[in-house]
There are 2 protein chains.
Amino acid sequence: MIQLTPKQEEIKLREQRILDVARSVLIQHGYHGLSMERIAAKVEYSKGTIYNHFANKEEIIVALAIETVGRRLEMFKQAAQFRGASRFRMLAIGQAAEKFVRDYADFFTLEQILQLPSVRQKISQQRQHEINSIEVRCMDIVAGIVRDAVAAEDLVLGPDVTPEKLVFGIWSLTSGGFAIAARSGTLPHLGLDNPFELVHHHTAALMDGFGWAPKSSEYDSNKLNQKIHCEVLSNE
Amino acid sequence: MIQLTPKQEEIKLREQRILDVARSVLIQHGYHGLSMERIAAKVEYSKGTIYNHFANKEEIIVALAIETVGRRLEMFKQAAQFRGASRFRMLAIGQAAEKFVRDYADFFTLEQILQLPSVRQKISQQRQHEINSIEVRCMDIVAGIVRDAVAAEDLVLGPDVTPEKLVFGIWSLTSGGFAIAARSGTLPHLGLDNPFELVHHHTAALMDGFGWAPKSSEYDSNKLNQKIHCEVLSNE
DNA sequence: GCTTTTTCTGACGCTTGGTCAAGAATCCTG
DNA sequence: CAGGATTCTTGACCAAGCGTCAGAAAAAGC
């Protein structure tokens with residue numbers, strides 16, 4: 001297993017090429033435009049060969065999704081390293097989440113498709129598990145910051161409020177907001193021209209509601225965001 | 001147009017039957033299980049006849065979605081009539097939203113499918129517009145409550161915070177939370193066994209964060225929810 | 001160089017979305 | 001109510017796409 005024959009090397013490279021092609025087709029032509037025939041034509045191999053790599057279309061989609069959420073995990077890890085008060089570290093996570101949805105606009109498409117039960121039940125346990133585990137690790141990073149906040153007494157959780165429950169709220173607000181922003185064309189029409197800023201604003205209000213120090217009135221979020229970008233989000 | 005021939009009457013009835021059958025197939029067999037052939041077989045008409053009613057599969061799906069969000073609009077209208085402080089009326093909307101996702105579990109499936117760009121671009125302007133308008137009217141009801149809250153001085157909005165912006169936050173949190181709850185099987189695993197209650201809790205925190213009186217510590221939400229159910233959510 | 005193993009191919013079967021010409025039912029009018 | 005005009009219904013048909021697999025081609029082993 002350690003030594004790969006040239007052939008095996010080639011196969012491994014091809015797998016990545018298939019994914020790259022699939023992603024570009026998905027972005028350009030959407031879910032219905034993504035056909036095995038089309039992928040095969042673009043990578044210049046026959047359909048059968050593609051099926052040697054991925055048992056079906058859904059496996060390709062989930063493989064793409066794994067790549068994408070993996071990238072998010074990396075971004076979250078980096079954001080969590082921001083040095084500062086617990087609340088500011090959470091802000092850094094928020095910034096990372098925003099950068100993520102900006103950089104990987106196809107993420108929502110992928111997620112939507114994967115949520116369809118008919119799609120979900122066709123993918124292998126193994127990949128199912130893999131994507132789940134990445135998701136959980138993302139969650140864990142965020143929950144860790146909440147735990148740190150409690151430890152540092154920046155935040156006092158009520159009885160039977162666990163860090164995970166708090167994360168659920170922040171996560172819901174953020175992902176819900178981004179999802180609405182990503183799909184709805186009617187937002188500007190309602191005077192909601194900058195959904196990202198709105199999500200930040202609401203996250204701040206939510207944290208204020210939980211009494212997470214320091215309150216939003218006590219720091220300059222614009223400056224802080226700039227600092228976050230410089231220190232943990234710019235790709236060196 | 002006023003007088004329908006017996007034949008026209010029959011056709012109209014059939015249209016509803018097609019939708020009913022389609023909905024049941026969708027619930028039982030998911031998106032991929034929903035085929036025109038299957039619908040045709042179940043309503044005992046030929047495929048061609050189904051195509052006389054709906055130009056394609058997507059039109060059936062959007063018609064189902066219109067029925068469903070129409071039902072939500074009704075529930076919101078009713079909830080908004082709750083008599084009480086502005087914040088309690090907003091709570092009533094929250095209760096309605098919860099009842100809605102409980103009663104129409106297929107809603108998320110429908111919404112997911114409709115959000116796929118490849119699906120969206122196949123449906124008629126007219127139906128696109130129709131579903132959009134219902135969505136906006138829902139929004140309006142909620143924004144109306146916020147405006148009432150401002151008028152009653154229960155709530156003071158910061159500079160350049162419009163009622164719509166506030167609604168965006170509440171909507172994001174609620175829809176995001178419900179969406180996560182609807183699809184993720186890993187929630188109980190993390191100790192998050194009652195996502196609906198969690199969403200309430202977080203909505204309350206968000207309102208607290210905006211200083212919407214009365215604060216969550218000043219009323220008994222359980223009692224209030226019961227009252228809401230009796231007065232505006234039980235079906236007469 | 002020859003055999004064995006692995007990999008690649010594209011024709012094939014099958015399902016499904018969508019069309020349409022021809023036949024059936026319904027409506028309309030004298 | 002007859003019979004022509006209109007509208008509706010049907011199912012064969014086409015195209016497209018998923019997934020398979022026997023045989024061809026290439027690589028590996030000896």
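What counts and what doesn't
- Residues numbered from 1 in each chain as written.
- Chains lettered and ligands numbered in written order.
- Predicted model: local features only at pLDDT ≥ 70, side-chain atom pairs only at ≥ 80, totals over all residues.
- Heavy atoms only, no water.
- Domains from an automatic or database assignment.
- Contact = heavy atoms within 4.5 Å.
- Buried area = accessible area lost by both parts, 1.4 Å probe.
- Salt bridge = Lys/Arg side-chain N within 4 Å of Asp/Glu carboxyl O.
- Polar contact = N/O pair within 3.5 Å; in protein donor to acceptor, adjacent residues only side chain to side chain.
- Helix = DSSP H or I, 4+ residues; strand = E, 2+ residues; numbered from the N terminus.
- Nonpolar A, V, L, I, M, F, W, Y, C, P; charged D, E, K, R; others polar.
- Core = buried A, V, L, I, M, F, W, Y, C linked by side-chain atoms within 4.5 Å.
- Buried < 20%, exposed > 50% of the residue type's maximum accessible area, 1.4 Å probe, protein only.
- Phe/Tyr/Trp six-rings, centres within 6.5 Å; stacked < 30°, edge-to-face > 60°.
- Lys NZ or Arg CZ within 6 Å of the ring centre and 35° of its normal.
- Near = heavy atom within 4 Å.
- Axes fitted to C-alpha atoms, helices over the stretch in contact; angles between N-to-C directions.
- Parallel < 35°, antiparallel > 145°, perpendicular 65-115°, else oblique.
- Left-handed = near helix turned anticlockwise from the far one by under 90°.
- Expected span 1.5 Å × (residues − 1).

**With respect to the domain arrangement of chain A**
Interfaces are often described in size by the accessible area the parts lose on coming together.
Residue and element names in this part refer to chain A.
Moving on, step 1. What the domain assignment reports for chain A is domain 1 (1–53) and domain 2 (57–233).
Moving on, step 2. Between the C-alpha centres of domain 1 and domain 2 the distance comes to 31 Å.
Moving on, step 3. At the interface, 13 residues of domain 1 touch 13 residues of domain 2.
Moving on, step 4. Counting each side, the surface lost to burial between domain 1 and domain 2 is near 1,200 Å², with a carbon and sulfur contribution of 67%.
Moving on, step 5. Summed over the three residues of domain 1 that lose the most area to domain 2, namely L19, R23 and Y31, the buried surface amounts to 50% of that side.
Moving on, step 6. Ionic pairing is found between E67 and R23, a salt bridge with its closest N-O pair at 2.7 Å.
Moving on, step 7. Applying the counting rule to domain 1 against domain 2 returns 6 residue pairs in polar contact (both at pLDDT 80 or more).
Moving on, step 8. Elements that contribute at least two residues to the side of domain 1 that touches domain 2 include exactly helix 1 (6–33) and helix 2 (36–43).
Moving on, step 9. Per element, the largest residue contribution to the side of domain 1 that touches domain 2 is 9 residues, and it comes from helix 1.
Moving on, step 10. Across the side of domain 1 that touches domain 2, the residue classes tally to 10 nonpolar, 1 polar and 2 charged.

**With respect to the nonpolar core**
Burial of nonpolar side chains together is a common tendency in soluble globular proteins.
Moving on, step 1. The biggest cluster of nonpolar side chains holds 164 residues, and the ones touching the most others in it are W212(A) and W212(B).
Moving on, step 2. Both domains that meet at this core, namely domain 1 (1–53) and domain 2 (57–233) of chain A, each give it at least three residues.
Moving on, step 3. Residues in contact with W212(B), not counting those within four places in the same chain, are S86(B), R87(B), M90(B), I145(B), V146(B), A149(B), D154(B), L155(B), L166(B), I170(B) and M207(B).

**A few points about the packing of aromatic side chains**
Residues and elements named next belong to chain B.
Moving on, step 1. Going through the model one piece at a time under the given rule, you end up with 12 aromatic pairs over all chains.
Moving on, step 2. In this structure, K57 is placed above the aromatic ring of Y31, and the distance from its NZ or CZ to the ring centre is 4.9 Å.
Moving on, step 3. Lying over the aromatic face of F196, R102 brings its terminal NZ or CZ to 4.1 Å of the ring centre.

**As for the protein's contact with DNA strand C**
Moving on, step 1. With respect to spatial proximity, 19 residues lie near DNA strand C, and among them R14(A), T49(A), K47(B), Y51(B) and K122(B) are the closest.
Moving on, step 2. Those atoms of DNA strand C that come within 4 Å of the protein belong to sugar or phosphate at a rate of 71%.
Moving on, step 3. Y51(B) is positioned such that a nitrogen or oxygen atom in its side chain is 3.3 Å from a phosphate oxygen of DNA strand C.
Moving on, step 4. Contributing elements (two or more residues each) for the surface near DNA strand C: helix 1 and helix 3 (47–53) of chain A together with helix 1 (6–33), helix 2 (36–43) and helix 3 (47–53) of chain B.
Moving on, step 5. In terms of residue count, the dominant contributor to the surface near DNA strand C is helix 1 of chain A (3 residues).
Moving on, step 6. Each residue belonging to the surface near DNA strand C can be placed in one class, and the counts come to 6 nonpolar, 6 polar and 7 charged.

**Observations regarding the protein's contact with DNA strand D**
Moving on, step 1. In the neighbourhood of DNA strand D, 19 residues make up the surrounding shell, with K47(A), K122(A), R14(B), T49(B) and N52(B) lying closest.
Moving on, step 2. The contact in question runs from a phosphate oxygen of DNA strand D to an N or O atom on the side chain of E37(A), over 3.1 Å.
Moving on, step 3. Here a phosphate oxygen of DNA strand D and a side-chain polar atom of T49(B) are 2.8 Å apart.
Moving on, step 4. Mapped onto the surface near DNA strand D, the elements with two or more residues apiece are helix 2 and helix 3 of chain A together with helix 1 and helix 3 of chain B.

**Considering the interface of chain B and chain A**
Moving on, step 1. With 41 residues of chain B at the contact, the number on the chain A side is 41 residues.
Moving on, step 2. Between chain B and chain A, roughly 3,800 Å² of surface is buried when both sides are summed, and carbon and sulfur atoms account for 75% of that area.
Moving on, step 3. For the salt bridge of R183(A) with E111(B), the shortest nitrogen-to-oxygen distance reads 3.6 Å.
Moving on, step 4. At the boundary of chain B and chain A, one finds 4 residue pairs in polar contact (both at pLDDT 80 or more).
Moving on, step 5. Going through the elements one at a time, helix 1, helix 6 (106–115), helix 7 (117–120), helix 8 (125–151), helix 9 (163–183) and helix 10 (195–210) of chain B are the ones with two or more residues in the side of chain B that touches chain A.

**Details of the packing of helix 1 of chain A against helix 2 of chain A**
Residues and elements named next belong to chain A.
Moving on, step 1. In the contact formed by helix 1 and helix 2, the axes pass within 10 Å of each other and the chain directions differ by 135°. Here helix 2 runs oblique to helix 1, going by the angle between their axes. In the packing of helix 1 onto helix 2, the handedness of the crossing is right-handed. Touching R17, I18, V21, A22, S24, V25, H29 and G33 of helix 1 are R38, I39, K42 and V43, all from helix 2.

**Notes on helix 10 (residues 195–210) of chain A**
In an α-helix, one turn spans 3.6 residues; hence positions three or four apart end up facing the same way.
Moving on, step 1. Across its 16 residues, helix 10 of chain A extends 23 Å between first and last C-alpha, which sits within 8% of the 22 Å expected from 1.5 Å per residue.
Moving on, step 2. The buried count for helix 10 of chain A comes to 12 of 16 residues, which makes it a mostly enclosed element.
Moving on, step 3. Within helix 10 of chain A, burial applies to P195(A), F196(A), L198(A), V199(A), H202(A), T203(A), A204(A), A205(A), L206(A), M207(A), D208(A) and F210(A).
Moving on, step 4. Buried residues along helix 10 of chain A sit against helix 5 (86–103) and helix 9 (163–183) of chain A together with helix 9 and helix 10 of chain B.
Moving on, step 5. Positive phi appears at G211(A), one or two residues downstream of helix 10 of chain A, with a value of about 75°.

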